[in-house]
Amino acid sequence: HLQRNTSFENVVFSDESWFELGPDNRWVWRKENDFRSEVCMCHQKHTPKFMVWGAIGKDFKSELVIFEENVTADVYIEQVIYGSNLIFDADDHYGDDRWVFQQDNARPHIALKTMEHLRDLHVRLLANWPPYSPDLNIIEVVWAIMKRRLNAIQARTLADVKRVVLQVWEDLSFETINNLVEQMPKRMKALVNKNGETVFLNELE
């Protein structure tokens, strides 16, 4: 893509993410063998959570889908491909067959029946893309933004979490999204230069 100078201005980046009740604090930084209570974190074994799906592109933002069940190929087809108005909205924004869809290699995404529906609907997929590429999928940055904002609000119930997630998605500006799209060449170069190691936002400035 770097060699071909691929333009990402018509690419729709998509993915799912988990949101849970309570702070997103899976990582605790401490010195080796330091197990004082002040540097440890208690976790609920089965934290209430839900999965969401969304998609972004230049001047484009899909409807946010909140799944109430496990995401299988059938659920993905019903709720995302058809239920989210993704294709209608992207055709309306970019023009019929003038946009490209990016998705990773999660099983519901690449299931035979999913691929058949996408072909039948004339959805073009982003070619020659790594099967698992969180550092290249700019919507991962959006999920991080949303989780930071969610952490700043002490939600008491899962319904509160859903309400905040939907509101933050609604408030997500196209300026933020477009900046991420414009950074794609820098993001790819940084990833190549770091031999695939994690790319941080301050490395793209």
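Check the entry above for the structure.
Predicted model, so just to flag it, every value in this text is computed and none were measured. (Residues numbered from 1 in each chain as written. Predicted model: local features only at pLDDT ≥ 70, side-chain atom pairs only at ≥ 80, totals over all residues. Heavy atoms only, no water.)

1. Examining the packing of helix α7 (residues 174–182) against helix α8 (residues 184–193)
The interhelical angle for the contact between α7 and α8, taken along N-to-C directions, is 45 degrees, at an axis separation of 4 Å. As the angle between them shows, α7 and α8 are arranged oblique. Facing α7, whose interface residues are Leu180, Val181 and Glu182, α8 presents Met184, Pro185 and Arg187. In the contact of α7 with α8, the residues fall into 4 nonpolar, no polar and 2 charged. (Axes fitted to C-alpha atoms, helices over the stretch in contact; angles between N-to-C directions. Helix = DSSP H or I, 4+ residues; strand = E, 2+ residues; numbered from the N terminus. Parallel < 35°, antiparallel > 145°, perpendicular 65-115°, else oblique. Contact = heavy atoms within 4.5 Å. Nonpolar A, V, L, I, M, F, W, Y, C, P; charged D, E, K, R; others polar.)

2. Quick word on the pattern of salt bridges
Tallying each qualifying case throughout the model produces 4 salt bridges. Linking Lys162 and Glu68 is a salt bridge whose minimum nitrogen-to-oxygen distance equals 3.2 Å. Placement of Lys162 in helix α6 (residues 158–171) and of Glu68 in the loop between β4 (65–67) and α1 (73–82) is noted, with a sequence separation of 94 residues between them. Lys113 is paired through a salt bridge with Asp74; the nearest N and O atoms lie 2.9 Å apart. Remark: Asp74 occurs in helix α1 and Lys113 occurs in helix α4 (residues 112–120); sequence separation between them is 39 residues. Classification of Lys113 by relative accessible area gives partly exposed; the value is 38%. (Salt bridge = Lys/Arg side-chain N within 4 Å of Asp/Glu carboxyl O. Buried < 20%, exposed > 50% of the residue type's maximum accessible area, 1.4 Å probe, protein only.)

3. So, the packing of α1 against α4
Where α1 contacts α4, the two axes come as close as 9 Å, and the packing angle between them is 25 degrees. Taken together, the axes of α1 and α4 are roughly parallel relative to one another. Of the two elements, α1 crosses α4, and the hand of that crossing is right-handed. In this structure, α1 contributes Ala73, Asp74, Tyr76, Ile77, Ile81 and Tyr82 to the contact, and α4 contributes Lys113, Thr114, His117 and Leu118. Considering only residue class, the contact of α1 with α4 consists of 6 nonpolar, 2 polar and 2 charged. (Left-handed = near helix turned anticlockwise from the far one by under 90°.)

4. Focus on the pairing of strand β1 (residues 11–20)
Burial runs high along β1: 8 of the 10 residues are buried. Pairing analysis gives 3 bridges linking β1 to strand β5 (residues 100–102), with the strands arranged parallel. Bridged to Val12 within β5 is Phe101. Bridge analysis of β1 against strand β2 (residues 49–57) gives 8 bridges, and the strand direction is antiparallel. Bridging from a neighbouring strand, Ser17 pairs with Val52 of β2. (Pairing = 2+ DSSP bridges.)

5. Quick notes on the nonpolar core
Of all hydrophobic cores here, the largest spans 36 residues; its most connected members are Phe8, Phe19, Met146, Val165 and Trp169. Counting only elements with at least two residues in this core, the list comes to β1, β2, α5 (139–151), α6, α7 and α8. The element that contributes the greatest number of residues to this core is α5, accounting for 7 residues. Once you skip the residues sitting within four places of it in the chain, Phe8 turns out to touch His1, Phe13, Leu126, Trp129, Val181, Met184 and Met188. Counting 20 residues, the second largest nonpolar core, distinct from the first, contains Trp53, Ile87, Ala90 and Val123. (Core = buried A, V, L, I, M, F, W, Y, C linked by side-chain atoms within 4.5 Å.)

6. Things to note about the pairing of β2
The buried fraction of β2 amounts to 8 of the 9 residues, a majority that puts the element mostly inside the structure. Bridge count between β2 and β4: 3 bridges; the pairing is antiparallel. Paired with Trp53 across the bridge in β4 is Val65. As defined by bridge partners, β2 adjoins strand β3 (residues 60–61) across 2 bridges and the pair is classed as antiparallel. Pairing of Gly57 across the sheet is with Phe60, part of β3.

Remember that the coordinates give geometry; whether it matters functionally is a separate question.
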